[in-house]
Each structure stands twice: as C-alpha cells, then as structure tokens.
Amino acid sequence: MDLGIRGKRGLVCAASKGLGRGCAEALAEAGVDLVINARSADTLERTAAEIAARHGVRVIPVAADITTEQGRAAVLAAVGQADILVTNAGGPPPGKWTDWTRDDFIRVIDANMLTAVALMQALVPGMAERGWGRVVNITSQSVRSPIDVLGLSNSARLGLTGFVAGMSRAVAPNGVCVNNLLPGIHATDRAEGLDSGVARAQGISIEQARENRKAAIPTRSYGTAEDFGATCAFMCSQHARFMVGQNIMLDGGAANISV
Ligand code: NAP
C-alpha cells in the first residue's frame, strides 16, 4: 500500500533502537525524510546511516536528551518544520507504589507526559497552519490495562492520554491527526530489562521469565519493532485521515478488555 507520505518531513524521538527505530524505519520506507534522536551519539549515528542507506531518504541524527528543555531545543532546531511527529522516551523503572516520592513522579511526568506535550506545542501549530500533520505518541498498554509495578508509567501516560483526548479534537479541523500507540510487550532492550528484573525477583532464568510472559499473551509471542513501526507509519499516512484521538493497542490480545 502506498502510504502517500513520500517527501514529508518527520521527527522520531528516542529512535536509535527499539520501538522508535521501528517507527523511523517504516516511515523512511514510505519515503519520509527524518530527524531522529537518542542520547548516545554512536548508536544514533550508526542507525541514521543505516536507515538512510536502506531507504534512500535523508536522516539527520541529533544526540540529545529529549526530556530536557535544552535537548528539545537542539532537536527542534534541526527539524524546523515537521509534517510528522513521533514522540517517545525511555520508560520509567518498575517499583512499589509505597516507595515513590514526589520527585520520582515529577521526573516521570516530565519525561513521559510533558516532553510529548512540549513537542506537540512546538510543532503542531505549524502543521495546522499548513493544513496537514500527523502525531503518534508512543505510550503503553498500561494506559488501558495498568501494571502495578509500573505505577509511575501508568500515572504519567494517563496524563498524556487525557491531554491528547482534548487537543486532538481541537486540531482535527486543520487536517492534523493526533493519536497514541500503546505497546504491549515487544522484544526490545526494554523488555529484556523487565524480564531480567522478573527473573531476579522470582529466582528463575530469563528464558523462563520470557516463556511465562509469552504464555499470558494470546499470540504466544512478543511483538517486534517492525510490527510496531508498520502500524505507526499507517497512522502517519494519508489513509489515517479519519483517525483522531485514538489509543491503538498493540499487545497480542494480552489485555482482557472488550473496548
Ligand atoms: P528501548 O529498546 O530501551 O529503546 C529506547 C530508545 O530510546 C533508545 O534509542 C534510547 O537511546 C532512547 N532514549 C531513551 N531515553 C531517551 C531520552 N531521555 N532522550 C532521547 N532518547 C532516549 O525501549 P523501547 O522498548 O523501544 O521502549 C520505548 C518506549 O515504549 C518506552 O517509553 C517504553 O517504556 C515503552 N514501552 C515499551 C514496551 C516494550 O515491551 N518494549 C512496552 C510498553 C511500553 P539512548 O539510550 O541512547 O538515549
């Protein structure tokens, strides 16, 4: 399917690896010129060069912490105008609800809610003025099916979800579609970290922890960054014109919910 976005300009945050990279790859395959971001310059530059060579698009890497004002300023300066924005950042650590301090909450709300809000505030007005734009916020399955040990994530991401529910309707008349993409478990470094934590806590091997988790997913498998990226690229395509303010779950059916 031709996604109809060849020649558009996109920003994909936190994209040297994992789900962000999956989104960048799929957008590049659709012909989108990109700015991609992550903190470690080496991995990021290698990823940018690989994506550019594979898909024949321009990919500018900007090494910066997207959760800081300074980092966002560097990324936004490299982007100028964008037609497509994919917001993403590292996820918060697991823990126990009684242990989290105010500072922990502020840090995570900054990283996983207010960073996406600031990027949308910077780029969406330009999209609206030009009459076309697409935003995909990478959030989490925890928005619809909370995970107790990821309470910091549940809290910050629900805040972002509430914000998007309102602003997406405000910009839809201008041709800008803002939606959230909710990953369930995907085979990335983040999943490896979570599985290692479970293995340690339960005194089992990481392989066993992975098998146990897979057994709870109706597909009996983890998602991949490629699956995830393809869905993201569709949400950024011309065909997604009528998709507004949605929370699209990619979890292999793991959450036992009807809507
Ligand atoms: P990942 O494989 O660990 O990759 C994270 C990427 O983000 C890397 O490129 C990393 O590069 C970059 N990054 C991290 N913090 C950053 C920051 N402050 N500024 C800029 N770049 C940053 O993680 P992932 O699995 O793709 O997860 C992406 C998001 O989806 C996370 O928020 C995660 O919580 C959420 N999620 C993932 C899963 C899953 O199963 N994978 C499930 C639910 C939700 P640097 O380290 O070099 O910065």
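Residues numbered from 1 in each chain as written. Predicted model: local features only at pLDDT ≥ 70, side-chain atom pairs only at ≥ 80, totals over all residues. Heavy atoms only, no water.

Asks: Even after reading the chapter, I still don't get the overall build of the protein, so can you show me in this structure?
Replies: Scanning the protein from terminus to terminus reveals eight helices and seven strands. Accessible surface computed for the protein: about 12,100 Å², of which carbon and sulfur atoms make up 52%. The distance from the centre of the 25 positive side-chain charges to the centre of the 24 negative ones in the protein is 4 Å. (Helix = DSSP H or I, 4+ residues; strand = E, 2+ residues; numbered from the N terminus. Areas by Shrake-Rupley, 256 points an atom, 1.4 Å probe, with all protein chains shown as cover. Lys, Arg positive; Asp, Glu negative; His and termini not counted. Charge placed at Lys NZ, Arg CZ, Asp CG, Glu CD.)

Asks: Even after reading the chapter, I still don't get the layout of surface pockets, so can you show me in this structure?
Replies: Rolled over the atoms, a probe sized like a water molecule indicates the empty space that remains. A volume near 180 Å³ is recorded for the second largest pocket. Surrounding the second largest pocket, Gly18, Arg21, Gly22, Glu25, Ala26, Glu29, His55, Ala225, Glu226 and Ala230 form its lining. At the level of elements, helix H1 (18-29) and helix H8 (225-235) are the ones that each hand at least two residues to the lining of the second largest pocket. Take the lining of the second largest pocket: its biggest share by element is six residues, from H1. (1 Å grid on protein atoms, 1.4 Å probe; cavity = no way out; pocket = protein on both sides within 12 Å on 5 of 7 lines; lining within 4 Å. Points joined across faces, edges and corners; volume = space filled by probe spheres on them.)

Asks: Would you take a moment to explain H8 for this structure?
Replies: One turn of an α-helix holds 3.6 residues; hence residues three or four places apart share an orientation. All of the buried residues along H8 are Ala225, Phe228, Gly229, Cys232, Ala233 and Met235. When H8 is viewed along its axis, its buried side chains cluster within an angular range of 155° and face the same direction. Turning to H8, the residues buried within the fold contact H1, strand E4 (84-87), strand E5 (133-138), strand E6 (176-183) and strand E7 (247-250). (Buried < 20%, exposed > 50% of the residue type's maximum accessible area, 1.4 Å probe, protein only. Arc of directions from axis to C-beta. Contact = heavy atoms within 4.5 Å.)

Asks: Looking at this model, I keep getting lost on the environment of Pro218. Mind explaining?
Replies: Mapping Pro218 onto the fold places it in the loop between helix H7 (206-215) and H8. Residues Pro218 and Asn256 lie 38 residues apart in sequence; the distance between their C-alpha atoms is 9.9 Å. Excluding its chain neighbours within four sequence positions, the residues that come into contact with Pro218 are Gly252, Gly253 and Ala254.

Asks: Got a minute to help me understand the pattern of salt bridges in this structure?
Replies: Where charged atoms of side chains with opposite charge meet at close range, the side chains can pair. Tallying each qualifying case throughout the model produces eight salt bridges. Among the salt bridges present, the one from Glu50 reaches Arg21, with a minimum N-O distance of 2.8 Å. Taken together, the residues span a long stretch of sequence, with Glu50 in helix H2 (residues 41-55) and Arg21 in helix H1 at a distance of 29 residues. We classify Glu50 as partly exposed; its relative accessible area is 33%. Across the pair Arg54 and Glu25 runs a salt bridge whose closest N-O atoms are separated by 2.8 Å. (Salt bridge = Lys/Arg side-chain N within 4 Å of Asp/Glu carboxyl O.)

Asks: Looking at this structure, how should I read the site of the ligand?
Replies: Taken together, 28 residues lie near the ligand, and Ser16, Leu19, Arg39, Ala89 and Thr188 sit nearest. The side chain of Arg190 places a nitrogen or oxygen atom 3.2 Å from an oxygen atom of the ligand. Summarising the interface, the protein chains cover 91% of the accessible area of the ligand, which totals 880 Å² for the free molecule. Here the shell around the ligand is built from residues that sort into nine nonpolar, 13 polar and six charged. (Near = heavy atom within 4 Å. Polar contact = N/O pair within 3.5 Å; in protein donor to acceptor, adjacent residues only side chain to side chain. Nonpolar A, V, L, I, M, F, W, Y, C, P; charged D, E, K, R; others polar.)

Asks: What exactly am I supposed to notice about the nonpolar core here?
Replies: Grouped burial of nonpolar side chains is what soluble globular proteins tend to show. By size, the foremost hydrophobic cluster in this structure holds 33 residues, and its most contacted members are Ile5, Val12, Leu27, Leu34, Ile36, Ile84 and Val86. Those elements that place two or more of their residues in this core are H1, strand E2 (33-38), H2, E4, E5 and H8. Considering every element that reaches this core, the biggest residue donor is H1, with six residues. In this structure, Val75, Leu152, Val171 and Val178 belong to the second largest nonpolar core, which totals 31 residues. (Core = buried A, V, L, I, M, F, W, Y, C linked by side-chain atoms within 4.5 Å.)

Asks: Mind showing me how you'd approach H1 here?
Replies: Between its terminal C-alpha atoms H1 stretches 17 Å, which fits the 16 Å expected from twelve residues at 1.5 Å a residue. Among the twelve residues that make up H1, ten are buried, leaving the element largely enclosed by the rest of the structure. Within the sequence span of H1, burial applies to Leu19, Gly20, Arg21, Gly22, Cys23, Ala24, Glu25, Ala26, Leu27 and Ala28. Downstream of H1 by a residue or two, Gly31 has a phi angle that is positive, lying close to 95°. (Expected span 1.5 Å × (residues − 1).)

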